[in-house]
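The primary structure of each chain is shown beneath.
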Amino acid sequence: MPPDPHAGHDEAGLDAAIARAADLVRDADALLIGAGAGIGVDSGLPDFRGDHGFWRAYPPLAARGIRFAEIANPHSFEADPALAWGFYGHRLALYRATVPHEGFAILKALGASLPHGAFVFTSNVDGQFQRAGFDPGHIVEYHGSIHHLQCTRPCRDAIWAADAVSPEVDPSTCTMAPPLPACPRCGALARPNILMFNDSRWLEARSEAQYERFTAWRARTQRPVVIELGAGTDIPSVRRLCETQRAPLIRINPREPAIAAANGVGIAAGALKALRRLRIALGN
């Protein structure tokens, strides 16, 4: 195979971007981490990019032509509870078994080196930052958490841990064996405390309390730097938050790294590769 004539330029550009990012971190007194699904790819997690990416992860749903927006929907718990819980039960077991990659530890160390530490704002529901040892009080799970449940009705504003759920999912049908999780108060079907598509019944109190803690932390910082990782434009909640901080932004994204030079630096690489190189540039 002939050498890629652009490879040297790409590496030179990456080196320059990493050096710029290191300078921004050195000048900061706090670290805001904005994380989308792309941060988990290096841990082996799917990012459900487009219908075909979702269907590769869930062949039984592909066979039935069920799209992500259709199964990740409160209506699915009414239409086919075993299938809905098969999808979420599989994800719950997957996230419990996944070991966060080294990049999480690098971010944790970067935050620990700054006077005001780190705060995480993520659209992910997988709980990987908690598994990596981040302070749960410094995490906003903007779309909720698969590790917490609520009533599907809901009969009250109650959210509880999913620790007692031990999903047994048939991989050939993506259905979960009974008993399905139930509300301890009224006995109705329970569901993950996650903001789904077309969801008017999500109980947001837990996420709102997390956001209030973030707001208080942000008010104490004077020179924060934002590191955004794997946050795409399809569901732009993380990007929007990161772009409105009036703080230097380091955008790490192999597909969509673009950012105005005056606002920060874009790094066209995966999370783990970029964070490893940033650690080296910082001399850690």
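All values reported here derive from a predicted model rather than from experimental measurement. (Residues numbered from 1 in each chain as written. Predicted model: local features only at pLDDT ≥ 70, side-chain atom pairs only at ≥ 80, totals over all residues. Heavy atoms only, no water.)

### Structural notes on the environment of Asp42
For Asp42, the position within the fold is in the loop between β1 (30-35) and α2 (50-57). Note: C-alpha distance between Asp42 and Gly127 (85 residues apart in sequence) is 15 Å. With residues near it in sequence (within four places) discarded, Asp42 still touches His101, Gly270, Ala271 and Leu272. A distance of 3.0 Å separates the side chain of Asp42 from the backbone nitrogen of Leu272, its partner in a polar contact. (Helix = DSSP H or I, 4+ residues; strand = E, 2+ residues; numbered from the N terminus. Contact = heavy atoms within 4.5 Å. Polar contact = N/O pair within 3.5 Å; in protein donor to acceptor, adjacent residues only side chain to side chain.)

### Let's talk about the pairing of strand β9 (residues 224-229)
Within β9, 6 of the 6 residues are buried, leaving the element largely enclosed by the surrounding structure. Side chains Pro224, Val226 and Glu228 project from β9 onto one buried face, and the interleaved Val225, Ile227 and Leu229 project onto a second face that is buried too. For β1 and β9, the ladder comprises 6 bridges, and the chain directions are parallel. Note on β9: the bridge partner recorded for Ala30 is Pro224. Across 4 bridges, the pairing between β9 and strand β10 (residues 249-252) is parallel. Paired with Val226 across the two strands is Leu249, which belongs to β10. Assessed by its sense of winding, the connection that carries the chain from β9 through helix α10 (residues 237-243) to β10 is right-handed. (Buried < 20%, exposed > 50% of the residue type's maximum accessible area, 1.4 Å probe, protein only. Pairing = 2+ DSSP bridges. Right-handed = clockwise from strand over helix to strand, strands pointing away.)

### Let's talk about the packing of aromatic side chains
Inspection of the entire model under this criterion finds 21 aromatic pairs. Judged by centre distance (5.4 Å) and plane angle (50 degrees), the rings of Phe54 and Phe68 are tilted. Taken together, the residues Phe54 in helix α2 and Phe68 in helix α4 (residues 68-71) connect sequence positions 14 residues apart. The interplanar angle of 75 degrees and the centroid separation of 6.5 Å between the aromatic rings of Phe121 and Tyr211 together place this pair among those described as edge-to-face. Placement of Phe121 in strand β2 (residues 118-122) and of Tyr211 in helix α9 (residues 205-220) is noted, with a sequence separation of 90 residues between them. Judged by its relative accessible area of 33%, Tyr211 is partly exposed. One aromatic cluster is present, formed by Phe48, Phe54, Tyr58, Phe68, Phe77, Trp85, Phe87, Tyr88 and Phe197 through successive ring pairs. (Phe/Tyr/Trp six-rings, centres within 6.5 Å; stacked < 30°, edge-to-face > 60°.)

### Things to note about the sheet that holds strand β5 (residues 160-161)
An order of β5-β4-β8 is seen for the 3 strands of this open sheet, with the pairing classed as antiparallel. Two strands close off the open sheet at either side, each with one partner strand: β5 and β8 (190-194). Relative to β8, strand β4 (residues 144-151) is paired through 5 bridges, and the arrangement is antiparallel. Residue pairing across strands places Gly144 opposite Ile194, the latter belonging to β8.

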